[in-house]
Structure formats: structure tokens, C-alpha cells
Amino acid sequence: MKYKLSKYRLTIPQEIREHTNITRDGYIDISFDDTTGNIIISSIKNIEIKEEQKIKQENKQKETKVNQVKSKKPRKIEANYMDADKLYKAYYSPCGLLVRTKNSYVKSACERCQGKLVKEYEDRIDVQCGYVDKKAIRDEIVYEITKRVHPEIENVKKQRKEEMETVTNNIKEAVKVIDKKVKKLNKKDKPKRRTADNTTIKPIRAGNDMLLKCKECGQLVKSGFYVDKDILCKECTVDDFKKYMKKRGK
């Protein structure tokens, strides 16, 4: 459609206005296409709508990326050694706090943990981990406690810990001494009976609501034998008599 200009002024024909969103009053966007040599007239309203849609789309994409990053956040590593009996196979980490069904899973969990569990369990059990220095962990824990707790309270806690360690060590030493004495007592032979040719054997029976205690084996029985002045059960009496006969045969 050819259209005559009047002093560079242009009136948009009715036929074109009906197919556009250009309003009677307002602004339009005029641009020149260097490639085609054409003048392009666009509605500002359309441009604003497209720009707004573009911004919304960009914001939506950013929100989607943020949600994806959040969803990929690694799950917190927690000790599960207490659940080992529930697994069909159990492979432990060097610290003993993690258990998985495969060694590769253990390795992966250790790489994610990087010694964090060692710090959590430092004051409860002695654990080992190749990712951390135990001395550095202790120093860090002491430093954190010192920052949070009043120095006097910290000194009291330290003193109690030392006292508990002393008591624990004393108990260990006492147990060692008691075990040695028990072993010595167990090694000592029981006094042997001296059965002779003039030994008397007499059957006896306990009264109502009474029991006899065998001197040799300590068993409580209703009936047994007087062997000289000792009370023996039937089995020990027979055994004693056999020893006597064997000794006599020599």
C-alpha cells in the first residue's frame, strides 16, 4: 500500500490500525532495519508486554535453578553403627561409626563426612579417622568450649574429667590385682582327703526340709555318706573309694 507523506507526517490508515494494537493516543516505537532498509513501527504496549514476559521467564528460570541446587544439597552424614544388625552385609568405616552394605559406599560416605563424626563423638569414644588430626580436634573443641563457657566453669569440668580418668585408672589397676589373686586361688589344689584302711563309710539322709552339702563338690543332696567325719555325695564317695583302691593297689 502506497501512502503519501505530508511534511514527513504519517497518518496510519484505518485498514492497518484494525490489525494492530496501536492506540489513538500514546507512543509507538519506530526503528530502521539496516538489512532490509525498512522502517518498522511497533506498539509500545506490545514491547512492554514482551519485555515483562521475558523478565518473568528469566525469573522463573532462576528460581528453577535455585530449587535444583537446593534439591541437590547432600544429606547430612549421621552415625548408624547401631543399625549394623539390620543390614544383610555390614562394612564399617575406619572410625566404626558408619556402616554400609558395600566398601564403595563406605568410601563415599567417608569422603562426604571428612571427619565430622569424629568431632561429634570425640568426648564419648576413642575413634580413628584418616581425614583429621586427633590433637587438632581436641584443641579445637577446647577452644570452642572456652569461648562459650565461663573460665571457672571450664576449670571445674576439666578437674572433674581428670578425677574421672584417675578413678577409671584406679579401677583398672584394682581389677588387675583382683584377677591375679583369683587366678592364684584357682591354681591352689584343694586339700586332699587322706583315706586309710580304717576309714569308715556310713550312709546318711537329711531330715525334712533339710539338705546335705558335699565337702568335695559343694553339691546339695538329700542323701549321702559320712566318710570319716566328712559328708560326701554318692558320686564323690565312689570317686574317693576308687582313688583309695588304686593307691592301695600300688
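Presented here is a report on the structure given in the accompanying data block. (Residues numbered from 1 in each chain as written. Predicted model: local features only at pLDDT ≥ 70, side-chain atom pairs only at ≥ 80, totals over all residues. Heavy atoms only, no water.)

Focus: the overall build of the chain
And then number 1: Tallying secondary structure elements over the chain gives seven helices and nine strands in all.
And then number 2: Looking at the chain as a whole, 19% of its 250 residues are labelled buried.
And then number 3: In the chain, 22% of the contacts between residues at least 6 apart in sequence involve partners at least 24 apart.
And then number 4: On the chain, roughly 22200 Å² of surface is accessible, and the fraction owed to carbon and sulfur atoms is 53%. (Helix = DSSP H or I, 4+ residues; strand = E, 2+ residues; numbered from the N terminus. Buried < 20%, exposed > 50% of the residue type's maximum accessible area, 1.4 Å probe, protein only. Contact = heavy atoms within 4.5 Å. Areas by Shrake-Rupley, 256 points an atom, 1.4 Å probe, with all protein chains shown as cover.)

Thoughts on a positive patch on the surface
And then number 1: A cluster of basic side chains, namely K180, K181, K183 and K184, defines a positive patch on the protein surface.
And then number 2: Overall, K183 belongs to the exposed group, its relative accessible area being 56%. (Patch = residues over 30% accessible without salt bridge, like charges linked within 9 Å, V, L, I, M, F, W, Y side chains within 5 Å. Salt bridge = Lys/Arg side-chain N within 4 Å of Asp/Glu carboxyl O. Lys, Arg positive; Asp, Glu negative; His and termini not counted. Charge placed at Lys NZ, Arg CZ, Asp CG, Glu CD.)

Description of the sheet that holds strand β9 (residues 230-232)
And then number 1: Read across the open sheet, the three strands follow the order β5-β8-β9; overall the sheet is antiparallel. Every interior strand has two partners, whereas the edge strands, β5 (201-205) and β9, have only one. The mean inter-strand angle of the sheet, taken between neighbouring strand axes irrespective of direction, is 35°.
And then number 2: Where strand β8 (residues 223-227) lies against β9, three bridges are found, and the strand directions are antiparallel. Note that in β9 the partner of Y226 across the bridge is I231. (Pairing = 2+ DSSP bridges. Axes fitted to C-alpha atoms, helices over the stretch in contact; angles between N-to-C directions.)

With respect to unusual backbone geometry
And then number 1: With a phi close to 55°, Q114 is a non-glycine residue in the positive phi region.
And then number 2: On the secondary structure map, Q114 appears in the loop between α3 (103-113) and α4 (116-120).
And then number 3: You will see that D228, though not glycine, has its phi angle at about 60°, which is positive.
And then number 4: Structurally, D228 can be placed in the loop between β8 and β9.

As for the pattern of salt bridges
A pair can form between side chains of opposite charge whenever their charged atoms are brought close.
And then number 1: Under the definition given, this model contains four salt bridges.
And then number 2: Between K243 and D239 there is a salt bridge, and its shortest N-O distance comes to 3.5 Å. Taken as a pair, K243 and D239 lie in helix α7 (residues 234-249) at a separation of four residues, close to a single helical turn.

The values reported here are purely geometric and, on their own, carry no functional implication.
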